[in-house]
Each structure stands twice: as structure tokens, then as C-alpha cells.
Amino acid sequence: MTAIRLDAVVRTFGSVRAVDAISATIAEGELFTLLGPSGCGKTTLLRMIAGFSDVESGSIWFGDQRIDQVPAHRRNVGMVFQSYAVFPNLTVEQNVAYGLRARRVSRRDIRDRVAEALALVQLPAHNTRWPHELSGGQLQRVAIARCLVIKPAVLLFDEPLSNLDAQLRMHMRVEIRRLQKSLGLTAIYVTHDQEEALAISDRIAVLRDGRIEQVGTPETIYRAPQTAFVAEFMGSTNIILGVAAGFDGSATTVAAGGAMFQVRGRAGAPGAKVLLSIRPETMRLAGCPDAGGPTLAVRLQLREFLGPLLRLHAALPDGTPIRVVTLGGQGAQPAADGTLNLIYDPGQIIAYPAP
Amino acid sequence: MTRPGSSGRFHGGISLLALAFLGLFLLYPLWFVLRSSVQDEAGAFTLAAYAQVLSSRYYVGSLGNSLAAGAMSMALASLIGVPLAFCLARLDVPGRPLLLALASVPIVLPSFVGAYALVLLFGHAGIVTAALRSMGIAAGSIYGMAGIVTVFTLTLYPYVLLPTLAGFRAVDASMEEAARNLGASRWHAFRTVLFPIVAPSVLAGALLVFIEALENFGVPAVLAEDRPFLALDIFKLFAGESDPNVAAAGALSVLLVGCTVVMLLLQRAYLAHRRFATNARRGAALIPVSRRWRLLATAFCWGVVLLSLLPFAAVVVISFQHFQGPVLSWQPGLGNYRNLLKGSYRPLANTLALASLAAVAATVLGAPVGYVLARQRSRVSAVLSIVATMPFAVSGTVLGIGLVIAFNDGWPVLTGGWLILVVAYVVRKLPLSVRSASAIVHQIDPALEEASISLGLSPTRTFLTLTVPLMLGGLAGGMVLVWVTATAEISSTIVLYSSRWTTMTVMMLQSLEGTAPGEAAAAASILILFTAAPLLLVYRLLRRQGGSLL
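Residues numbered from 1 in each chain as written. Chains lettered and ligands numbered in written order. Predicted model: local features only at pLDDT ≥ 70, side-chain atom pairs only at ≥ 80, totals over all residues.

Participant: Would you take a moment to explain the overall build of chain B for this structure?
Facilitator: When helices and strands are counted, chain B shows 25 helices and 2 strands. Considered along the principal axes of its C-alpha atoms, chain B spans approximately 65 × 65 × 45 Å. Within chain B, the fraction of its 550 residues that count as buried is 52%. In chain B, 82% of the contacts between residues at least 6 apart in sequence involve partners at least 24 apart. (Helix = DSSP H or I, 4+ residues; strand = E, 2+ residues; numbered from the N terminus. Buried ≥ 20, exposed ≤ 12 C-beta atoms within 10 Å, placed from the backbone. Contact = placed C-beta atoms within 7 Å.)

Okay, structure coming up:
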């Protein structure tokens, strides 16, 4: 069990600051996710922790030991790669034993620990199959067993599920989470998939252009994104540019998209430009029994039936597109002229100052 | 991407070691060649040698002849190589795998053996010439430019064929389908999409033909008679029996290397920004053609490939015939081989030993260099990449001369021994082993090595215990290629050999000048055997590396 501390870590490629003075503390036994679009610096940061990329300035600590100058092979880090990186010239067993051989563990101990690690990932013991005989999911298990067996100080995951099909991906992420929790290992997990990040993490750091945009629990990040970028990246929210008007003591009126919105709290000084974030699932169709609150008239343009859900693509009066997600069972019949009335909760709209 | 700590040291160490080797045995000797060309006998700076060479009609002619032969060979090899590549890639020509294997053979066969075959068949006392003469037909001469360009074309066209073929195959089928879908005719699609995509490969191969032709020593040595050719004149000036002129040899050398370096730099600069062909997910389908076209394509492909191998086959057949003096008697027998080896097995043993040593050394040195070039991008590796391709541009004769001047006295003295031959071969063939190693490394996921390092093996141990085993197949292929080409090496050997360390190639060249064509044919056949057979044996291994060896 090891806490990890990043202190103003910097890495530049040419004139681009890939990692721009990132600081963070990851608690013992925590699963900490670096989330962001490609090019945000998350993989570079992970590779710096693993020792595959230089730390230009700043420091990285495992517990009270500074490790950024320690060569990669002495860091005792277990890393799971996107491509699994299972050695094609070694059998499953030999793959798992690899790190133990490097540590000159006795032959008998190797055998026991390999069997134990294979059991953890639910692969049969004494596994003499070759990697080319395994499926993607099995390769992933081998890669994980290979890391666990060396009792690493920390576990690093570099988009480990992106090569698996959707169903296996869901299954493996539950398994990874269960293993990490039961072994109490500190883990850093890199992904660009926000759903995966929400599902697996204790805390998430959303990265943008080499900086941390926001750190928090999945709930906080999703419900209370601090910036429009985080709001937009965490699930497909509607971002609408508007102008703040009067504040009546509990809600601000904002003119946006040719309509007037009620936003809880003081969204901005009168006349200030604001960005409104309205999550598609926070709106209801007028006429639903439990619905109450201000309404909004939109014009329906397209309807996507997604099984359990129904996604509606509509336009605000001035043409600004807006998406609404409702449970699939509700019929959404627009009026003859295509107008549809929506009900929203002022408390669910977040306003950000417009750049 | 740079890596910290021991990983960076590992890469840096290899780069520096390789640079030191090439510095000592390539750049340092070349520096002596350059110096000898601009110094008078007292050691003062002078351009007299250049003035002398450039004011001599003979040597200007020599430069002109070499450049003309290079340019013509380049054009003809492309004219053969590109259609051949297209036929092999896209038409249903019967026996394509075999054709392809056979078509890559001329590259390793000693080209001067091909030249010799031409002499044997069409020379002054050639078999065909004699037969024609007895029928009263006067045959044209194959000596001089025509013969030389013919041999270059027939032995060097694979340099165009192989990369072009790889290029055609790397174009995803959807490219052409998209063009056709947008309304282009097949020919229009070829002209506007397919050909522009493979053009860089064609040009890269063609420039290699030019370079190889320019620096080739053996072919003009056999076919030039008295006509001036650069590589030949350099050797004559340096080691001539009458009145050697090291300064003039140096000046011509600098001109020759200058031409080839310019060509190589052009090739690199051109390629650097034109890598269109990526790995095709789906290769383009064969084009359905009428019977007549298929027949025509088949005749063309098999015709070219067989024609290029025919001289070699003829030499082998002739080597088993009995000669009475210089006259062929068409009685089968092993007399030529007996006569050839009567003196001693020494040259054969020398050739095998030197080539084996060179192959091992070039691989041991080339594998880590190829690895670093494939994995690391830094200033040092950029320099290394250029220096490691330079041997392509340096004529063997010039390198030989440089090695002689540099290591003739002082320390260490290498001239006259076996080591200098091995060194020359290693330097000359290093680009081959470097390229085959980096082609393999490109196919190894870097994450494998990172996984190994993060599991606790240092970069050096990871390289030795994980990467090298993964590279083994490719290394073996590259090693055979070095072995085969070192066996056929003549241009540096002719400068560096000593009587104790005579090789088969030298012996062959000597027996050409004598009056024993049978022995020369036997020597040539042995060389053909030792070059073609191993290549065909590891052909599968090499094919996996595609055109990247060139």
C-alpha cells in the first residue's frame, strides 16, 4: 500500500507542454483515474510515473520515497498496457513468472506465486498455452496476473479495455475494480471513456491541455462540473450561450437560444454572457405525471429509439440544437406544428461565465 | 521519445559505439583519401590533382562514362522493374511466388560473373560469337557501354522491382475502388492514384541502381576493355603497375563518392516527405484480363526473370564442359573444377571464412544499431542513421584505398591481413544488417519492452533476453544476406587482398585475364552456388521483411 504524490510535474515535447505542472495526491488503496481527450497529457503522465518518460521538473513520490530519478525497472510498478504486451515468445506461465525471475525468486516460490496469481484472474494454473492461442480477454487477464504477481507498489492501467468488445469491457472493468479493492492496491487508471471512468474510480482527474481541470469523486465530477469543459466531456450535455438578466433572489433569468431559462442562484451580473449546461436527462416531457417546473417549447427534429431510452434531437426557437433523453416507454408526440413542451428543473442547470 | 536513466544510457552507449566503429573504419579512411587528393608530396595543400584529372580528356571521359552507364541502367531497370512489379502484384501470372523468389536472386549474384557470362557467350572468343562466325554472321561487340549497361540492368532491376512491388501491395484496395467509384477509368485510376502512391518507391529503388552502377568495379573490369570507367581508373591509378598516382586516385575517388553521396542524400530527402503507402488492410484484387493479355504478361514476366538468370545458368552449364585450351569441346566433365582447386582450396576457404566472420560481426554490430534507429529519435540517432547509410554511397574501391592508406603504418597495421578484409566487408554490409534489424524491430510492439522493464529487467537485460529472441528470425535473414553479398564482394577485395588471403572473386578475376575460361567458369559457378543457394533457403524469412531491406 503506497500513496502517490505528484508535485508540479512537467514534460514538454518541442513547444507543447504535454504535462503542465500537474500536482496531485493519490491515497493508499485508491483507484485514481486520469480522464481526458486524446492529447490531454494523461498517457504521458502515466508513463512518467512508470518511468518511460522523463520528468523535466517537479517530483514524483511513492510514499516518502522520491522515485522520478529511479530507473523504470527498479520502480516496482505493475503496468497494464493497452496492447496487453504479453510476450509472444513465452507461455502464459512464463509470462506471469517473468517479473519473479527478474527478481531471482526461488523456483518453488515462483511456481506457487504464479499459480496464485493465475487463480486471482480466474485462469487455470500450470498454464502452458501460448499467447497466440488466447482471446483478448484472456490476454488481458495474463497481463494483469503478470503485474499482480510481483506485488507492485502501485498499479498503472493504460487504457486497458480499449481493445475489447463492449460486453467484455464492462465485465473486465468490474473484475479489475474488484481485484484492486480486495488487494488494497493503489492504482492509476488512464482512459478517454467517461462512462468507464465513472464506473471504476474512487476519484477522477479530468485533464485538458496538460493541466488538471477538476479532481473529484465520480458523483461530484458528473453533478457539479466546475467548468463547461468538464461538463461537456462528462456525458453529452447541452451547452448553450446566453445572456444573464435579472436575479429574483432565488433564480436568475437567462436569455438563451431564443428562450428564457430560469437558473437557480446568481448566474451572472445582468448583461453578462454565460454558458448554460443542461443535461439531456434532466428534462421531462410536459404531460408526465411527476413533472413540475418551468417549461420550454422546442421543435422536434429527429428521434432516436435506443431501447431503454429515447433520445430526441430538437431545436430551440432560434435554431440552437438541444438534446433530450427520456425513458423509452414515454411517447413523445409533438403537436401538429412539431412543437414539443419540455419541463426542466432550474436547480439542474449550471451556468458558467462565457469565455 | 527520450527515456531516463539506464535506458537512455543503453541507447546512447550503442549509438556511440557504432559511431566510433564507423568513424574509425569509414570516416577516418575517407578522410585520408580526401587528404591525399589535396596534398602534394611535401604535404602542402594543392588542387593540382583535381586540375590534372579534370583537364585530362581520358578522366573526364571516365566520369562521363560512369555517369552515363548509371543513368541508362537506372532508366532501363525502371522500365523493366515497374511493369514487372505491376504484373506480379495485380495480374494472374502463373507461378508468381516462384517468379518473385527468382527475381530477387540477381541482387546477390556477383554482377561481374554476369558480365563474365556475357563474355563467355558473346565475347571475342565467345561460344555464340564463334558459332555465328562459323555461319558467316558478324556479331556486334558486347564490350563497352552496351554490355555494361545490359549487365547492370539485368542484375540491378530487382532494386526497383522489390520496393515497387511492396508499394503496389501496400495500397489498400479501397483507394482504387474509391477512384473508380468517383468515375475514374482503370487507367485513369492507375495514373492519378496508384502510380503517384508508389512513385517514391520506384524512385528510391532507381537511385539505388544508379549508385550501385556508379561504384561497381567488377562489371567494367570485365567488359570495359580499354574504355575509361571511374571505379576502374581509380584502382588503376592507385595500384597500377606503372606509375601509381595516389593523389589522382584520391581526386577521382572524391568525385565518385561525391556523386553517390549526392544521389543518396537526394533519395533520403525525397523519401522523407513521401511515405504514402501504408499497410493495406485489404490488398487490391487481381485485375481480370483477357487471355491474350494474360499470355503477354506471363511471357514478359518469365522472359525478364529467366533472361536475367540465363547468363548465370549458362556459366554453370559451361563450367561442367571440357575445355581444350581456350576452346570449348562440349564434353561433360569436372576437369575445370579439378584444375581450379588443384592449386589449393585456400581461396575457397578464405572466402567462406571471411564472409562468415563478416556476417557475424555485421549482425552483432548492426542489430543493436538497427534497434536504436527504430526505437529512438534523438540527435545522436539522426547522425547515426546518416552515417550508417553512408557505406551504400562509398564505393568499395574507395573504401579499400582509404583503409590501405589509414592502416598501412603506425598503429594498428592491418594491411596484408585478413582483418582488414573483414573490416571492409562489415563496413560495406552494415547498412544491410542495420536495415533488416530495424525492419524487424518495427514489428515488435514497444510495449513489450516496457512491460519487461517495469517487471524489473534493466533495458540492457530486456534487450538481450526479450528483444533479441524476438528479433532472431529477422537477424538470421539479414545475416545470410550479409554472408552472401560478402562472398561475392570484389570492389574492396581487389584493393585489400594479399596473396595469402586471396578470395574466390579475386581468383575469378585473375583467371579471366588468363587463358583458362573453364577454370573461370568453375570459379564463377562456385560463387553462384554460395550466393544463390543460401538466399533461396532463407527467402521466406526475408520476404516477411518486405522491401525494407533495400
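Participant: Just checking my understanding: could you explain the overall build of chain A for this structure?
Facilitator: A tally of regular secondary structure across chain A gives 8 helices and 20 strands. Taken over the C-alpha atoms alone, chain A extends approximately 75 × 45 × 35 Å along its principal axes. Nonlocal contacts in chain A, meaning residues at least 24 apart in sequence, comprise 64% of its contacts between residues at least 6 apart.

Participant: How do you make sense of the nonpolar core when you look at a structure like this?
Facilitator: A general tendency of soluble globular proteins is for nonpolar side chains to be buried together. Residues B:Tyr116 and B:Leu252 are the most contacted members of the largest nonpolar core, which totals 176 residues. If one sorts the elements of this core by residue count, helix 19 (residues 419-442) of chain B sits on top with 15 residues. In contact with B:Leu252, not counting residues within four places along its chain, are B:Val53, B:Tyr59, B:Leu230, B:Asp233, B:Ile234 and B:Leu237. Formed by 102 residues, the second largest nonpolar core is a distinct cluster that contains A:Ile110, A:Ile176, A:Ala205 and A:Ala231. (Core = buried A, V, L, I, M, F, W, Y, C linked by C-beta atoms within 7 Å.)

Participant: Just checking my understanding: could you explain helix 17 (residues 379-393) of chain B for this structure?
Facilitator: The periodicity of an α-helix, 3.6 residues per turn, causes residues three or four positions apart to be oriented the same way. Counted at 1.5 Å a residue, the expected span for helix 17 of chain B with its 15 residues is 21 Å, and the 22 Å between its end C-alpha atoms agrees. Considered for burial, the residues of helix 17 of chain B that qualify are B:Ser381, B:Leu384, B:Ala388, B:Pro391, B:Phe392 and B:Ala393. (Expected span 1.5 Å × (residues − 1).)

Participant: Just to check I follow, could you spell out the pairing of strand 2 (residues 16-26) of chain A for this structure?
Facilitator: Within a regular strand, the side chains alternate between the two sheet faces. All names here are of chain A. Here strand 1 (residues 4-13) runs beside strand 2; their pairing, made up of 7 bridges, is antiparallel. Bridging across to strand 2, Ile4 finds its partner in Ile26. Hairpin connection, strand 1 to strand 2: the antiparallel pair is bridged by 2 residues, and Gly14 has positive phi, about 65°. (Pairing = 2+ DSSP bridges.)

Participant: I would appreciate a short explanation of the sheet that holds strand 19 (residues 339-343) of chain A in the present structure.
Facilitator: Think of a sheet as strands paired side by side through backbone hydrogen bonds, with each pair either parallel or antiparallel. Residue and element names in this part refer to chain A. The strand order 15-19-16-17-18 describes an open sheet built from 5 strands, whose pairing is antiparallel. Strands at the two margins of the open sheet, each flanked by one partner only, are strand 15 (284-285) and strand 18 (321-327). Pairing of strand 17 (residues 309-315) with strand 18 involves 7 bridges; the strand directions are antiparallel. Across the sheet, residue Ala314 finds its bridge partner in strand 18, namely Ile322.

Participant: What exactly am I supposed to notice about the domain arrangement of chain A here?
Facilitator: Often the size quoted for an interface is simply the accessible area lost on bringing the parts together. Residues and elements named next belong to chain A. Each assigned domain of chain A is listed with its residue range as follows: domain 1 (4-233) and domain 2 (238-353). The gap between the C-alpha centroids of domain 1 and domain 2 is 39 Å. With 5 residues of domain 1 at the interface, the matching set in domain 2 holds 5 residues. Across the side of domain 1 that touches domain 2, the residue classes tally to 3 nonpolar, 1 polar and 1 charged. (Domains from an automatic or database assignment. Nonpolar A, V, L, I, M, F, W, Y, C, P; charged D, E, K, R; others polar.)

Participant: How should I be thinking about the interface of chain A and chain B in this particular structure?
Facilitator: Contacts between chain A and chain B engage 21 residues on the former and 22 residues on the latter. Of all the secondary structure elements, the ones that give two or more residues to the side of chain A that touches chain B are strand 6 (77-80) and helix 2 (92-102) of chain A. Per-element tally for the side of chain A that touches chain B: the top contributor is helix 2 of chain A, with 3 residues. Taken together, the residues of the side of chain A that touches chain B break down into 12 nonpolar, 6 polar and 3 charged.

Participant: Honestly, the sheet that holds strand 13 (residues 259-264) of chain A in this entry has me stumped. Any pointers?
Facilitator: Residue and element names in this part refer to chain A. Spatial ordering of the open sheet is given by 13-12-11-14-20, a layout of 5 strands whose pairing is antiparallel. Bordering the open sheet on either side are strand 13 and strand 20 (350-353), each of which pairs with just one other strand. Taken pair by pair, the neighbouring strands of this sheet meet at an average axis angle of 45°, ignoring direction. Relative to strand 12 (residues 251-256), strand 11 (residues 238-247) runs antiparallel, the two sharing 4 bridges. By the bridge assignment for strand 12, Ala244 is matched with Val254. (Axes fitted to C-alpha atoms, helices over the stretch in contact; angles between N-to-C directions.)

Participant: Whenever I open this one, the environment of B:Gly205 confuses me. Can you help?
Facilitator: For B:Gly205, the position within the fold is in helix 10 (residues 186-215). Residues B:Gly205 and B:Pro163, spaced 42 residues apart in sequence, show a C-alpha to C-alpha distance of 6.6 Å.

Participant: In this structure, what is going on with the environment of B:Leu348? I would like to understand it.
Facilitator: Residues and elements named next belong to chain B. When you line up the elements, Leu348 lands in helix 16 (residues 346-375). Overall, Leu348 belongs to the partly exposed group, with 18 C-beta atoms counted inside 10 Å. Measuring from C-alpha to C-alpha, the distance between Leu348 and Val304 comes to 32 Å, with 44 residues separating the pair along the chain. For Leu348, the residues in contact, after removing those within four places along its chain, are Met504 and Ile526.

Participant: Whenever I open this one, helix 7 (residues 145-156) of chain B confuses me. Can you help?
Facilitator: Residue and element names in this part refer to chain B. With 12 residues, helix 7 should reach 16 Å at 1.5 Å per residue; the first-to-last C-alpha distance of 16 Å fits that figure. Among the 12 residues of helix 7, 10 are classified as buried, and the element is accordingly described as predominantly covered. Turning to helix 7, its buried residues are Gly147, Ile148, Val149, Thr150, Val151, Phe152, Thr153, Leu154, Thr155 and Leu156. Where helix 7 is buried, its residues contact helix 3 (57-90), helix 5 (111-122), helix 8 (158-170), helix 10, helix 11 (218-223) and helix 14 (291-319).

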